[in-house]
Amino acid sequence: MNYQPCSRWAALPHRAPFSRPGWRLWPGLIIACALVLLATAGLGSLILEASLPDLSELWRNRYLRTVVTFTLWQAFLSTAISLLVAVPLARILARQPVFPGRSVLLRLMELSLVLPSIVAVSGLVSVYGRQGWFTDLVNDWLGMSWNLYGINGIVLAHVFFNAPLATRILLQAIESAPAPQRRIAAQLGLGRWLYWRAVEWPAVKPVTPGLAALVFTLCFTSFAIVMTLGGGPAATTIEVAIYQSLRFEFDAGQAALLAMVQLVICGLLWWLAARHGLTSSLLPDRQVASHRSKAGSSVWARLGDGAILSVFVLFLTMPLIAILLRGLPGLDLTPALLDATQRSLAIALPAGLMSVIAALLILACAGTASRPVVIRLTNVAACLPLMIPPLVLGTGLFLLFRPSLGSSNEGLVMVTLINGMMALPFVLQMLSGPMGSLDSASRMQADQMGVLGWYRWRWLHWPRMRRPLALAMAYGTGLSLGDFGVIALFGSPGQPTLPVLLYQQLGSYRIDAAAGTGLWLVLLLLLLFSLFNRLGSPLFRAGLKNNTSRILPEPEHA
Amino acid sequence: MLIRAFTLLLLALASVSASAGKVPTLTIYTHPSFAAEWGPGPAVKEAFEKTCNCRINYVVLDSGGDILQRLRLEGESTQADLVLGLDTGTMETTRQTGLLASHKTDLSALNLPIDWQDSVFVPYDWGYFAFVYDTEQLPNPPESLEALIAAPDDLKIIIQDPRTSTPGLGLLLWMRHVYGDQAAEKWQQLKGKILTTTKSWSDGYFSLFMNGEAPMILSYSTSPAYHMAVDKTERYQAAEFREGHYLQVEVAALVQSSQQKELGQEFLDFMLSAGFQRHIPLKNVMYPATDLGSELPDVFEKLIHPSAPLYFDPKTVTDNRREWLNEWLDAMTR
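Because the structure is a prediction, the values reported are computed rather than measured.

(A) Representation of the overall build of chain A in the model. Regarding its fold elements, chain A presents 24 helices and zero strands. A buried classification covers 57% of the 558 residues belonging to chain A. Look at the contacts in chain A between residues 6 or more apart in sequence, and 83% of them connect residues 24 or more apart. Surface summary for chain A: the accessible area is close to 22900 Å², and the carbon and sulfur share equals 67%.

Next up, the structure:
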């Protein structure tokens, strides 16, 4: 690379590390390209292995038609309800910044998405199943007949998994609403509706399309939940059909075709979302002081908020309590469990870190790039891992790398890599808002003053990003910690990770021990989220470095 | 903890590379329930390594289907010397890959309900598919498949999906064996009794059956043995059906490209000795493939003893599976 003396930063006596514009563009671009390449290679090698079947098979086959329409319908319903639950909840949580147990509630909300499905379903079934107390209540007292199995159960489970995630992201958005707007709204004493129109909606609007696309894709590709709670083969998602064609029929062509159908449907959605969701960085965000809305302070308003919150808390915690009650008798901190914990962490922490770093670099690249093709590329790369079934990706990559792949250790590296990749879309959703919240005035000022590269990151972005980063890291790690699919694909060596241990215990009829392992996994995730949250909180830093002067006011994220 | 975890990983990496080349290693592809700490795997490894001056390395894949898939993906370059954990539903497809070698094991000690003559696959255990029921919820279970199908719709059962699970495929074959061309019709009648169809046995058994969601689940006739011997409860029993029960045999085979064929052959022979077989009944919760005599745990006497094993030739299964699956799908989604 040639040194460019004409660069306008070259004149500075001490140039900031990583301050060349290329540092913001290239790493992210390379990662994005690598992701797209990896996904294409995975899918492509499957297609090469066995040629694609006739496309017309898709609409001639009644079963495939049913599968596609059902997958769309349940994903649409689940997304709509998840968001309908999440929006008022996020508003209430933003309105009520202090109440006992708020932080615990936030931790629990972060948990549901990362729970391994077998553990979560066990909890849901104990509450909403045929023997569950909820069912008794509804059937005996309200005279209704509630049946968990079918579309009911699928939507319920998807709302349980996704509504808390959506609430969490929306809350983060509302809380990062520009302070001047909030201040003025508070001074004017706006009522709830006007406050929503003036402050909350503008804050929520830019993240909503991406969030809806994220939730939709999650529900669209959901597999074990749909099968277990769906009742029968009438409730089948495309993922099941892919699984069947790869594992049992060895029909790589059909698997690739179905994966492409999934890719096209979800991709279209993300494309639409990206077209409507790119306004987030236009909002000014100069915090002067924090003012809260008056809307949540009257007694009646607080009672109403409390009632809705209580219902949600019950919805969220009852299954978790069921998991606790079921797992407690079998929870035994055996060496096997602790070993599995270490092994899981050794995979999950690097995977989480990788996803966060990759997300930051991609966001930096998207923020710098002026060419639409680059922006589009980063958008695609960011959501691609969600849409390509892990089984397709894994099998494709296996085909690509054979015969060099195969030893268990390479397998573990692969697992870490794919896990990190799978977590990337979530991490990106968590970080894209805060990363874009730097207003253009500050940015230009920073440019003029030469606050660039590392310094710009350290003094402008880091204070805003610390909390979202901690949360993103927690999600990235948590998702990998509970993962069973990817690790099962590559074949673990004799020593299991926690989810593998759980399945081993089940395979050997150790139901109680498995329930204990499930509970341990939940506790570990909870611990992890609390820990990362502590690391990201200003209190923690203040405790460590009391003398650090605060350059910029902190944006308030929960 | 993190630093320890990393050190552990590094040590593991180092020990793997260091130990290679000293003693021959026999790499076995198998599934989790065999290699688990409580499965027969560790005990078998210990017993075999005492006699062979070698090491056993288990590569644990998700299920029998995955062993086959991995083998196909790797082809000639596979690291496996031996595959263990295929069953009568997957073995024919595996044979057709041409990646397996013939064995020289003497099969005369076998004690299976069917006659077994196969030049490639050596069975190591077997069992019947059966509906396991909760005696507290269902004191009088149906006594035949026909009675189950004719039962009122408030009797609920949990089954597994034949597209994704071995027992699920077992029930499909079971129905087909009993009802032949009428199977689709019978599935439609059974439909009302099916609470749900799960992806795998684990999902159904753990999340639903053990939570009391349904009184009956498709499982193995040997499942109650574990509950009786280890959990010390007689609450869960298998319902004996008059039509007979579908048989599953689990098998192992040598890999053609293996450099350790002699060692592998030694292992196959060892597989039919008491040193291997005694770990099967309570650790794999299946019937041993040879007669263990008095070593067979007493609880096995309390299990159901189906008179007629229902069984399709593996080739018939491979040839018809797709068609029968579609028939089932069609019947169930109508």
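(B) Representation of the state of the cysteines within the structure. All names here are of chain B. The tally for this structure, following the rule as stated, stands at one disulfide over all chains. The disulfide partner of C52 is C54, and the S-S distance across this bridge is 2.0 Å. Between C52 and C54, the S-S dihedral sits near -85°, and the bridge is therefore left-handed. Each of the two residues, C52 as well as C54, counts as buried.

(C) Up close: the environment of G352 of chain A. Residues and elements named next belong to chain A. For G352, the location among the structural elements is in helix α15 (residues 335–368). The buried category is assigned to G352, whose relative accessible area is 0%. For the pair G352 and L43, spaced 309 residues apart in sequence, the C-alpha separation works out to 24 Å. Discounting chain neighbours no more than four positions away, the residues touching G352 are M473, G476 and T477.

(D) Structural view of the environment of L361 of chain A. Residue and element names in this part refer to chain A. Note that L361 resides in helix α15. Each C-alpha atom of the pair L361 and L137 lies 51 Å from the other, and the pair is 224 residues apart in sequence. In this structure L361 touches R24, P27, G28 and I31, once residues within four positions along its chain are discounted.

(E) View of a nonpolar patch on the surface. Residues and elements named next belong to chain A. A cluster of nonpolar side chains, W133, L137, W141, L142 and M144, forms an exposed patch at the surface whose accessible area comes to about 610 Å². Secondary-structure assignment places W141 in helix α6 (residues 133–141). Given the relative accessible area of 72%, W141 is considered exposed.

(F) Quick peek at the pattern of salt bridges. Residues and elements named next belong to chain A. Under the defined criterion, the tally for this structure stands at 21 salt bridges over all chains. Between E110 and R107 there is a salt bridge; the shortest N-O distance is 3.0 Å. You can see E110 and its partner R107 sitting in helix α4 (residues 102–114), three residues apart, about one turn around the helix. This pair shows no difference in class: E110 is buried, exactly as R107 is.

(G) Region of the structure containing the interface of chain B and chain A. Of the residues lining the interface, 71 residues belong to chain B; the matching set on chain A comes to 68 residues. Roughly 6400 Å² of surface becomes buried between chain B and chain A when both sides are summed, with 60% attributable to carbon and sulfur atoms. Inspection of the region where chain B meets chain A yields one salt bridge. Of the charged contacts in the structure, one is a salt bridge between D251 of chain A and R322 of chain B, with a shortest N-O distance of 3.9 Å. The tally of links from chain B across to chain A stands at 14 residue pairs in polar contact (both at pLDDT 80 or more). For the side of chain B that touches chain A, the residue count by class is 33 nonpolar, 21 polar and 17 charged.

(H) Region of interest: the pairing of strand β7 (residues 194–198) of chain B. Residues and elements named next belong to chain B. Counting buried residues in β7 gives five out of five residues, a clear majority hidden from the surface. Sheet analysis places strand β6 (residues 157–160) next to β7, joined by four bridges and oriented parallel. Pairing of I159 across the sheet is with T197, part of β7.

Quick notes on the rules
Residues numbered from 1 in each chain as written. Chains lettered and ligands numbered in written order. Predicted model: local features only at pLDDT ≥ 70, side-chain atom pairs only at ≥ 80, totals over all residues. Heavy atoms only, no water. Helix = DSSP H or I, 4+ residues; strand = E, 2+ residues; numbered from the N terminus. Buried < 20%, exposed > 50% of the residue type's maximum accessible area, 1.4 Å probe, protein only. Contact = heavy atoms within 4.5 Å. Areas by Shrake-Rupley, 256 points an atom, 1.4 Å probe, with all protein chains shown as cover. Disulfide = S-S within 2.5 Å. Patch = residues over 30% accessible without salt bridge, like charges linked within 9 Å, V, L, I, M, F, W, Y side chains within 5 Å. Salt bridge = Lys/Arg side-chain N within 4 Å of Asp/Glu carboxyl O. Buried area = accessible area lost by both parts, 1.4 Å probe. Polar contact = N/O pair within 3.5 Å; in protein donor to acceptor, adjacent residues only side chain to side chain. Nonpolar A, V, L, I, M, F, W, Y, C, P; charged D, E, K, R; others polar. Pairing = 2+ DSSP bridges.

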